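Per-entry structural report
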Amino acid sequence: MKRIAIALSTLFVSAGALAARLPQTVIPAHYAVSIAPDLAAETYRGDETIDVEVKEPVSSITMHAIGLDFRDLQVSGGGKNLRATVTSDAPNAMITLTLPEPLPAGAATIRLAFDGRLNRQLRGLYLSKTATRKYAVTQFEATDARRAFPCFDEPAMKATFDIDLLVDKGDTAISNSRIVSDTAEGEGKHRIRFATTPRISTYLVAILVGDFQCIEGGVDGTPIRVCGTPGREQLGGFALSAAEAVVHFYNEYYGIKYPFEKLDLIAIPDFEAGAMENVGAVTFRETALLIDPRTASISQRKGVAGTVAHEIAHMWFGDLVTMKWWDDIWLNEGFATFMTGKPLAAWKPEWNIPLDNVAGTVNSLSYDSQRATRAIRTSAETSEDINQLFDGIAYGKTAAVLRMVEQWMGEDAFRDGIRAYLRKYSFANAAAEDFWTTMTDASKQPVDAVMKSFVDQAGAPLLHAEDACGRGERTLNLAQERMLPNGQSVEQSWIIPICARKTGVRAVTQPCVMISGPTSQLPLPGCDSPLFLNRNSRGYYVTDYSPAERAALRGRLSELNTAERISLQGNEWLLARNQRRDISDYLTLVAAMPRPADRPIVEAIANSLEFLDRRLVTDATRARWQRRAAELLRGYAPVSWQAPAGEAEEARLTRATVLGALGEIGGNAADR
Ligand SMILES: [Zn+2]
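It should be emphasised that the depicted structure is a prediction, and the values quoted were computed from it without experimental measurement.

A word on the packing of aromatic side chains
Enumeration over the complete set of coordinates arrives at 31 aromatic pairs. Ring geometry for Tyr31 and Phe149: centres 6.4 Å apart, planes at 65°, overall edge-to-face. Remark: Phe149 occurs in the loop between helix 1 (145-148) and strand 11 (160-168) and Tyr31 occurs in strand 1 (residues 26-38); sequence separation between them is 118 residues. An identical accessibility class is assigned to Tyr31 and Phe149; each is buried. Between Phe454 and Trp494, the aromatic rings sit 6.4 Å apart at their centres with planes inclined by 35°, giving tilted as the arrangement. Of this pair, Phe454 sits in helix 10 (residues 447-455) while Trp494 sits in the loop between strand 24 (473-482) and strand 25 (496-498), placing them 40 residues apart in sequence. For Trp494, a relative accessible area of 1% translates into the label buried. The ring centre of Tyr135 lies 4.8 Å from the NZ or CZ of Arg133, which sits over that ring. A cation sits over an aromatic face here: Lys348 above Trp347, 4.7 Å from the ring centre.

Shown next as structure tokens:
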């Protein structure tokens, strides 16, 4: 799932204060779900058969369901056909079917007939409207499949699904697999049957009914469509091109061809999240999928491509292999976030995606420097707690930690580990331990120790670095603590692969070294040039260099690559914001930055100058500050509303950033 930027989790109403998990005595194998929506009345009829395996004799069956009215409930197995009575446990969104006599172990079938309402809460099977008509659509992640039909609504209880939908003549329907039959039935209706799905989790089932129009494409034998309400599909061309490039890239990267039979990307008029990775039927809010190529800004195109790449990454990581329980949703979401940049960097190298990733790491470090941050892996039992887990830590920090691990392992070894993991757990479930054990086996490196140290501890490492030189040999002393505002220090340490670069050396021969514990001493060759301790800015830590080393680095900024300059700038900004540096130290570094520069570094500098402008500048200091800010922003882009001939997209964004900052800070800054 991709959340939109604002925090929406408070909108969720607690559905499971007690949050018992389902007993493991009855395990679903196959669902046949038949839904007949009445869009005019905003209701639906459901008929469902669930084939289950009864592990030991039971006299009742507990499963998830909420807000449904039952017409009939029967259970058959062991030669018996039993009529069940139902009791509802609303706080846990569960029902219990009580049987008149025990059901023996073995195969059994549950038959349920029920009625439901198309709700307006954007979850379960809900009502979505345009100006002219109604639609019935679903959003199930995390725990809302149970609102649409009774089910064993836990991610590890995977099963195959046969979906059929009885819809109005003239309407169509989309679900996880392709349509296998479409036959007229009754007055003004037709029944659409979909092919049996592979084993999938309930939260990934999708049902969409209404008038959808699609444009069609495909890649490597997989048909791909982009769909929307009539007329809107014409705005899907960009998303379709992105999806084709992305699926092709992932087919190669994952070493497993797209694991489902088709891929639809559907824009929904009313949609709570940004997008949702339902198997083969990914749903989006309209603005996250559809754009008018004549008017769309670069940021809009990057946004759509990013969301498409994120959701499609889930088809392997999340849908093919799914977490055992929601406490590992970070692996699902963090990995999709991590993967997003790869196909986009290959498809649109001019977008500078790897540099945006560095800026993303700095953002995560900033978020993680607050005392209120949480550990990546946090236990969650209730629906409310589960929904709280979809935050910047699960997405951004996890992706940043994975980028660190990837550089340390090497890109090929990392990819091979991912391939081994996906092969091993295809159409099944895995926990975080399964992930890092597979990566450890594939790389023969202690990936498990590093990952665990970053996943189970809240906060980010702050490394105090001191250099000592003698007889041409350098000794680097590193002391760890948790990155927090000055004066709130907490002793905490991580197991960190440190990959350094000697400035002025292009070819990197320095191997990464592992540190752990509060202090480390590293003997390193050569004292002739300063050492930058975060090669390519892949590390998830803040470095506190000594004043002498800082001055030395400042004098050789042009010998760092752009990614490294972004993170050095971000590093110093975080230290300043946490009262561990004087603001003037930060501004001295900004003044020394080479010009011109790539867009992400200009954005980072502009953001921090605007922050200072809002928070620290007084009427008495404003005029001086405006002159200083104008100097600091000089040389990155022409200060002009007129685009120079042949201006590249990134240069245009840089110019917009500089103009925006000068406008925000004010004065006649642009003239100076
Ligand atoms: Zn996601």
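Looking at the side chain of Arg655
In this fold, Arg655 is placed in helix 16 (residues 649-665). With a relative accessible area of 7%, Arg655 lands in the buried category. Among the polar contacts listed, one links the side chain of Arg655 to the side chain of Glu647, at a separation of 2.7 Å. Residue contacts for Arg655: discarding those within four places in its chain leaves Ala637, Pro638, Ser640, Trp641, Gln642, Ala643, Pro644 and Glu647.

Comments concerning the coordination of the zinc ion
For the zinc ion, the protein coordination sphere consists of Met1 (N), Met1 (O), His310 (NE2), His314 (NE2) and Glu333 (OE), at 1.9 to 2.6 Å. Written as a sequence motif, the donor residues of the zinc ion are M-x308-H-x3-H-x18-E. Of this pair, His310 sits in helix 3 (residues 298-316) while Glu333 sits in helix 4 (residues 329-347), and the two are 23 residues apart along the sequence. Exposure class is identical for His310 and Glu333. Each is buried.

As for helix 9 (residues 432-443)
Between the first and last C-alpha of helix 9 there are 17 Å, a value that for twelve residues agrees with the 16 Å anticipated at 1.5 Å per step. Residues Ala432, Asp434, Phe435, Trp436, Thr438, Met439, Thr440 and Ser443 constitute the buried set of helix 9. Next to the buried residues of helix 9 lie helix 4, helix 7 (392-409), helix 8 (411-424), strand 22 (428-430) and helix 10. Immediately beyond the C-terminal end of helix 9, within one or two residues, lies Lys444, with a positive phi of roughly 60°.

Digging into the pairing of strand 13 (residues 179-185)
Bridge analysis of strand 13 against strand 14 (residues 189-194) gives six bridges, and the strand direction is antiparallel. Bridged to Asp182 within strand 14 is Ile192. What sits between strand 13 and strand 14 in their antiparallel hairpin is a turn of three residues, with Gly186 showing a positive phi close to 60°.

Regarding the domain arrangement of the chain
Under the domain assignment, the chain is made up of domain 1 (317-455), domain 2 (460-558 + 573-584) and domain 3 (595-672). A C-alpha centroid distance of 35 Å is found between domain 1 and domain 3. Contacts between the two partners involve five residues from domain 1, matched on the other side by five residues from domain 3. When the area that domain 1 buries against domain 3 is broken down by residue, the three leading residues are Trp351, Asn352 and Leu355, summing to 64%. Between domain 1 and domain 3 we count one salt bridge in total. Linking Arg599 and Asp356 is a salt bridge whose minimum nitrogen-to-oxygen distance equals 2.7 Å. Applying the counting rule to domain 1 against domain 3 returns three residue pairs in polar contact (both at pLDDT 80 or more). When the residues that make up the side of domain 1 that touches domain 3 are grouped by side-chain class, the tally is two nonpolar, one polar and two charged.

Details of the pattern of salt bridges
In the structure shown here, the tally under the stated rule is 51 salt bridges. A salt bridge links Glu381 to Arg21; the shortest N-O distance between them is 2.6 Å. Separated by 360 residues along the polypeptide, Glu381 in the loop between helix 5 (353-368) and helix 6 (383-388) and Arg21 in the segment before strand 1 bring together distant segments of the chain. What makes Glu381 partly exposed here is its relative accessible area of 35%. A single network of salt bridges, built from pairs that share partners, joins Lys302, Asp356, Arg599, Glu603 and Glu650.

Concerning the sheet that holds strand 3 (residues 58-64)
Taken in spatial order, the three strands make up an open sheet running 3-7-6, and their pairing is antiparallel. Two strands close off the open sheet at either side, each with one partner strand: strand 3 and strand 6 (85-89). Going across the sheet, the axis of each strand differs from the next one's by a mean of 25°, ignoring polarity. Summarising the sheet, strand 3 and strand 7 (residues 94-103) pair through six bridges and their orientation is antiparallel. Bridge assignment links Ile61 to a residue of strand 7, and that residue is Leu97.

Quick notes on the sheet that holds strand 13
One key point about sheets: their strands pair by backbone hydrogen bonds, in either a parallel or an antiparallel sense. The eight strands are arranged 5-4-8-2-1-11-14-13 in an open sheet whose pairing can be described as mixed. Edge strands, defined here as strands with exactly one partner in the open sheet, are strand 5 (80-83) and strand 13. Each neighbouring strand pair of the sheet contributes to a mean axis angle of 15°, computed without reference to strand direction. Across eight bridges, the pairing between strand 4 (residues 69-77) and strand 8 (residues 106-117) is antiparallel. Within strand 8, the position partnered with Phe70 by the bridge is Phe114.

Reading the values: the criteria
Residues numbered from 1 in each chain as written. Predicted model: local features only at pLDDT ≥ 70, side-chain atom pairs only at ≥ 80, totals over all residues. Heavy atoms only, no water. Phe/Tyr/Trp six-rings, centres within 6.5 Å; stacked < 30°, edge-to-face > 60°. Helix = DSSP H or I, 4+ residues; strand = E, 2+ residues; numbered from the N terminus. Buried < 20%, exposed > 50% of the residue type's maximum accessible area, 1.4 Å probe, protein only. Lys NZ or Arg CZ within 6 Å of the ring centre and 35° of its normal. Polar contact = N/O pair within 3.5 Å; in protein donor to acceptor, adjacent residues only side chain to side chain. Contact = heavy atoms within 4.5 Å. Donors = N, O, S within 2.8 Å, 3.2 Å for Na, K, Ca; no water. Expected span 1.5 Å × (residues − 1). Pairing = 2+ DSSP bridges. Domains from an automatic or database assignment. Buried area = accessible area lost by both parts, 1.4 Å probe. Salt bridge = Lys/Arg side-chain N within 4 Å of Asp/Glu carboxyl O. Nonpolar A, V, L, I, M, F, W, Y, C, P; charged D, E, K, R; others polar. Axes fitted to C-alpha atoms, helices over the stretch in contact; angles between N-to-C directions.

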